[in-house]
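# Observations on chain architecture
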Amino acid sequence: MIPISRNNKNSGHLFPLIQRQILSPPLIIIIPSSKMIHFVLLISRQGKVRLTKWYSPYSQKERSKVIRELSSLILTRAPRLCNFVEWRGFKVVYKRYASLYFCMCINQDDNELEVLEIIHHYVEILDRYFGSVCELDLIFNFHKAYFILDEILIAGELQESSKKTVARLVAAQDSLVEAAKEQANSVSFIISQATK
Amino acid sequence: MNPFSSGTRLRDMIRSIRGCKTAAEERAVVRKECASIRAAISDNDNDYRHRNMAKLMFIHMLGYPTHFGQMECLKLIAAPGFPEKRIGYLGLMLLLDERQEVLMLVTNSLKQYPTKISFPFSYIHAALCSIRIIKKVPDLAENFVNPAASLLKEKHHGVLLTGIQLCTDLCEVSTEALEFFRKKYTEGLVKVLKDVVNSPYAPEYDISGIADPFLHIRLLRILRVLGHGDTDASDCMNDILAQVATKTESNKNAGNAILYECVETIMSIEDSSGLRVLAINILGRFLSNRDNNIRYVALNMLMRAITVDSQAVQRHRATILECVKDLDASIRKKALELVYLLVNENNVTSLSKELIDYLEVTDQEFKGDLTEKICSIVEKFSPEKIWYIDQMLKVLSLAGNYVKDEVWHALIVVISNASNLHGYTVRLLYRAVQLSGEQEILVRVAVWCIGEYGEMLVNSIGMLEKEEPITVTECDAIDVIESACKQYSTDLATRAMCLVALLKLSCRFPSSSQRIQDIIAQNKGSLLLELQQRSIEFDSILQKHQNIRSALCERMPVLDESTYVGRRAGSLPAAVSTSQGAVLDLSNGVGKPSAAPLVDLLDLSSDDTPVPNSSGNDFLHDLLGVDLSIASTETGTNQAQKSGADVLMDLLSIGTLPSQSSLSSFDGLFSSRDNSASVGGLENLSSNTTLPVQASTESGGFPMMDLLDALSPSEQNREDSGPTYPSVVAYESSSLRITFNFSKQPGNVRTTLVEANFVNKSSNAYTDFIFQAAVPKFLQLHLDPASNNVLPASGNGLITQKLRVVNSQHGKKSLVMRIRIAYKLNDKDVKEEGQISNFPPGL
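All of these numbers come straight from a predicted model, not from anything done at the bench. (Residues numbered from 1 in each chain as written. Chains lettered and ligands numbered in written order. Predicted model: local features only at pLDDT ≥ 70, side-chain atom pairs only at ≥ 80, totals over all residues. Heavy atoms only, no water.)

Residue and element names in this part refer to chain B. Two numbers describe how helix H1 (residues 10–18) lies on helix H2 (residues 23–42): the axes approach to 9 Å, and their chain directions differ by 155°. On the basis of the axis angle, H1 is roughly antiparallel to H2. Between H1 and H2, the residues in contact are Met-13, Ser-16 and Ile-17 and Glu-26, Val-29, Val-30 and Glu-33, respectively. (Axes fitted to C-alpha atoms, helices over the stretch in contact; angles between N-to-C directions. Helix = DSSP H or I, 4+ residues; strand = E, 2+ residues; numbered from the N terminus. Parallel < 35°, antiparallel > 145°, perpendicular 65-115°, else oblique. Contact = heavy atoms within 4.5 Å.)

Quick look at the confidence of the model for chain B now. Residues and elements named next belong to chain B. The pLDDT averaged across chain B works out to 76; a share of 79% of its residues lies at or above 70. Taken as a whole, residues 1–5 scores under 50 in pLDDT and shows one contact with residues more than four places along the chain or in a different chain. A low-confidence stretch, residues 570–721 stays under pLDDT 50, and its non-local contacts, those more than four residues away or across chains, total 233 contacts. The complex prediction reports pTM at 0.64, with the ipTM value standing at 0.81. (pLDDT = per-residue confidence, 0-100.)

The next thing to look at is a nonpolar patch on the surface. Judged by side-chain polarity, Ile-133, Val-137 and Leu-140 of chain B come together as a nonpolar surface patch covering roughly 190 Å² of accessible area. Within the element layout of this structure, Ile-133 of chain B appears in helix H7 (residues 119–136). (Patch = residues over 30% accessible without salt bridge, like charges linked within 9 Å, V, L, I, M, F, W, Y side chains within 5 Å. Areas by Shrake-Rupley, 256 points an atom, 1.4 Å probe, with all protein chains shown as cover. Salt bridge = Lys/Arg side-chain N within 4 Å of Asp/Glu carboxyl O.)

Okay, the pattern of salt bridges next. All told, the structure shown has 48 salt bridges over all chains when counted by the stated rule. Among the ionic pairs, Lys-91 of chain A bridges to Glu-112 of chain A, the shortest N-O distance being 2.6 Å. Of this pair, Lys-91 of chain A sits in strand S4 (residues 90–97) while Glu-112 of chain A sits in helix H2 (residues 112–130), placing them 21 residues apart in sequence. Side by side, Lys-91 of chain A and Glu-112 of chain A carry an identical accessibility label, which is buried. For Asp-169 of chain B, the salt bridge identified is with Lys-135 of chain B, shortest N-O distance 3.3 Å. Remark: Lys-135 of chain B occurs in helix H7 and Asp-169 of chain B occurs in helix H9 (residues 157–173); sequence separation between them is 34 residues. We classify Lys-135 of chain B as partly exposed; its relative accessible area is 27%. (Buried < 20%, exposed > 50% of the residue type's maximum accessible area, 1.4 Å probe, protein only.)

This is the structure we're talking about:
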C-alpha cells in the first residue's frame, strides 16, 4: 500500500546535506522537555528537506544544525537496523517510506513504538489523501502535507486517532477554499469588481 | 492590476528550483523570486499575497532567510477570505517561533473570531492549550482540574486522548491534582481501559486488529502515574493490566507498543509479584525477538527494570552480552549501558573478560565507548591490584589509543603503589610492547615503567609464581625506548617521557650509559623546543654532574592514591570537560601539590638542612633554571623566580604543563628566600662549575639566554612566525578581565595559539572556574586545560589557559568566538557570557 517512489528525477541531487560533523562547540540548544514530540522532519534520501515542523523553540541556526546532524546520522544507517537513534539526550524515531525518511524527535522515556505508529498513521492519511502518495506530491503540495499534519498533531501532542476524521476535516477545509475560488471567478463577482 | 507583474505560480517556482543544476543556479532563482515577493510586499499587493506566502514557505524550507515576509502572515490572517487565513496561519507557524514578539499582534486577530466552534474540536484544542499553560505556569493547575476531569467521561476518542493527556500532565505538576484523580478517577479510568480493550472491531480506529492503540497507551500511562506509590490504586488496576499483558497480540508493532507501555506501568506501580513475573517474561520474549526495534525497547525497559528487580535482569545477562556485539549501533550502545549497570563484584571477572575479548574484534567507532566502559568497570570493581593491572594492560594492548588520559594516569598511580608488583608489571609491559607497539598509550606506560623499574626487568626481580621466566638485557630495554622515540617522533609527550626514562636508566644501567647519552644527544637538534632543551640539559647532567645524577634519578616517590582518587571523584564515568582546570599530570610525577616530591627526588631529606638553603637545591636551580638568574638580575621580581621554578618544574614534569597548584607551592618555596641571596648563591655556583653558561653569567644577563633553555616557547614562536599580534582585552566585566596573547605556529598560518589570562577584579576568590568557548564552523577550537580552577581575589594571581584555533578561511574571515565563564563566588554559581570579535586582523 505504501507507494514506491515514482520519481527518479530526484537522484540528480544538488548539494547533499550529509556532511561530516565537525567537532561541535559546547551545546547551546536548550529545550523545555515534557512534550511528546519536539519536531517532525521529512528528509529525502539525498538529504533534501521536504517538511519541518518544530514544536519546541529552536532558532533558525539551531534548526539547520539539527537537520544537518540528523540527516548524517540517519541516512547513513543500513536497512533493517532498528528505527531509533539516540541524539543529544533525545531519541529520534525514523522510518523510511520509499525515498523519504519520516523522523520524529521524542524524550528519552517516551514510547518509541507508539511514535512509529504515529508516523505510520500520518503516512496512511497522506496516502489516502493523495491516492498513493509519492515524494513529488509532497514537494509540490507541501502545504497540504502541513495541513494534514496539523490535524494529527498539535503542539507536539497527538490530537486525533481516527484517519477518517482527519480526512473529513481536511476535505472540508479544501472545499471552503474551492468555494472561495469559485466565487472569485464567477462572472457576477468580476462584474461587480469592475464596476466598483 | 497587471497580470504580468505577479510573477510565477508556486508550481512553476518549485519546478524551476528543482531544475537547477548547481547551488549557484538555485541561489539565483531564489534571489529572483525573493526580489519579486519583496516588490509585491512593498506594493501592498492583495491578490497574490497568499501565493507569495506559499512560495516563501518553500524558500524557507530550503534554508534561505525569509524574515521579510513575517508581517505578511498577519495581513493574511486579517484578510476576510478562508484561503488567505489558512495560508496565513500556516505561514505563522512555519516562519515564526514562539519567541518572536510579532506573535503578540496575532492575539488581536484571534479575539475577533466568534467564540462558538463545533463540539469535539473546541474540547480537543482547549485541552491541548491547557497542557501548554500548565507546563509554563504550573501554579495555574488547580483551575484546570475539574474541567479536565469532565473530559474523561467523553466518548469521542480525540477528546479522550487529549483529556487524558491533560490529566496526566496535571498529575505531574501538582500533587493535589494527583490525589484528586487517584481517589476519584482510578476506577473510572480502569473501566475506560476495559471498554477499549474489549471493544468490538471499529474500522475507524482499528490498527492491525487493535482498537485505537494510542488510546490504550495513554490510558496505561495515566494509570502508571496514579498507581505509582499507592497500593489501593495499584490493586484496582491489577486485573486489567494482567489482561492487557496476556491478551495483546504481539506480532504487530501496535500490539508491542501497548505491551511495552503495559510492562512499564507494571514496573512502576506497587508490588504485585504475579504481574511482575508477567512483565519480566514479556521482556524476555522481546529480548529474543528478531525485530531490532523490539530488542531495542527491551534493553531500554530492562535498564529501568534493574532498579526494581535486578535478579530478574541478571538472568538475561548472556542475551544482553550478545546484544553488545550486535550489528546495530543503537542496540550496541544501549546494551553496553545495560551491561555497565549489571556489573557487580561477583560477575565482574567474567563480564570484563567477555567485553575485553570483544574489544579485539569490534569496529573502530564503537571502540571508544567500549574502552571507556571497560576501564570504568575494571576500576570500580577490581578485586585486587594484580587483576586490575592485568586487565588494564590488556585494554591498553587492544585499544590503547582510545584510553583517556586520566585512566592511564590512574593506572600509573596504582602501579606505583603496588610495590610487590613492580617487577611483574614492567615485565608484562615489556612483553606487551613487543606485540602491540602501535598502541601509543601502552608504549607510554611501558616507557614510564621501564624508566622507573628497569633494573627489575633486566634482573628478573620480584618474580611471581605464575610468571614465565624472561631474559631481557639492558640493551633490549633501551631498544624499547629508542624505538618508541623513533616511532612516535611527532608526539611530544611520548618522546619527552622517553627522554626522562633514558635519564633514569643511565643510572640503573651504568654500563649502557654511553649508548643512552648518544640517544639523548640525538635530540639536541630536535625542532621541538621542549625536547631540544631537555636533551641538552640531560646531556649535561650525564656528562658533567655525575655527583648528583644518582640523586636525580631516584625512583619516583609513591604517588598518593587517595589524593588522586579524591581529585578524580565524580569525573567518572562522565567525560571530563576539556576546559576543566584540575586535570592531573601524573606522568610527570609531581602530581602532589607539595614540595615533598622535589625533596625526595633530590634526596635532600637525609641531611637536615632546610630545603630552601640547601646547596643542592641552589645548584639544581642554577643548572636547570638558568634564566632565573638573568631575570632576577634584570628585575629582581618574584615573577622571575617563578619562571625559574617553572623551568625546574618542567624538568621534572617533562612535556606537560605543571598544574598551577603545585607551581604555586614551589613559588612559595622560593620566595621565602630573599632575592639577593638567591642571586648571590647562583653566582657562586656558576663560578664553581664548568657550565657553558658561566661566561655569559659574567658578561651579565642576556647572552646566556642563547645558550641553554632561555628559548622559551613564546620567544621561539615570535621569532619564527614573523608578524606579531597585539594582545587584546577580550572580555571585561565588573568582575573579570580576560586578555588574549596571540602567537602563530611557525609554518602554519591558519593556526593561532592564544594564551588567555583571566584576572579577578573583585575582592573575593572564584572557585571552580571554568572557561568555555564556541566558534563558528569555519574555525576549529582546541582548549588546553587551564592552569588552575581557583582565581584569587583582586588580581593577586591569574589563570592562564591555552587555546589553539585553526581558521579554515584564513585571509577571508577573521576570528570570532563566543565565550562562557562559570565559577563559584561564595559558593554561589555565577555565569558570564560574551562574544569576542576584536581579534587583531590577519589571524
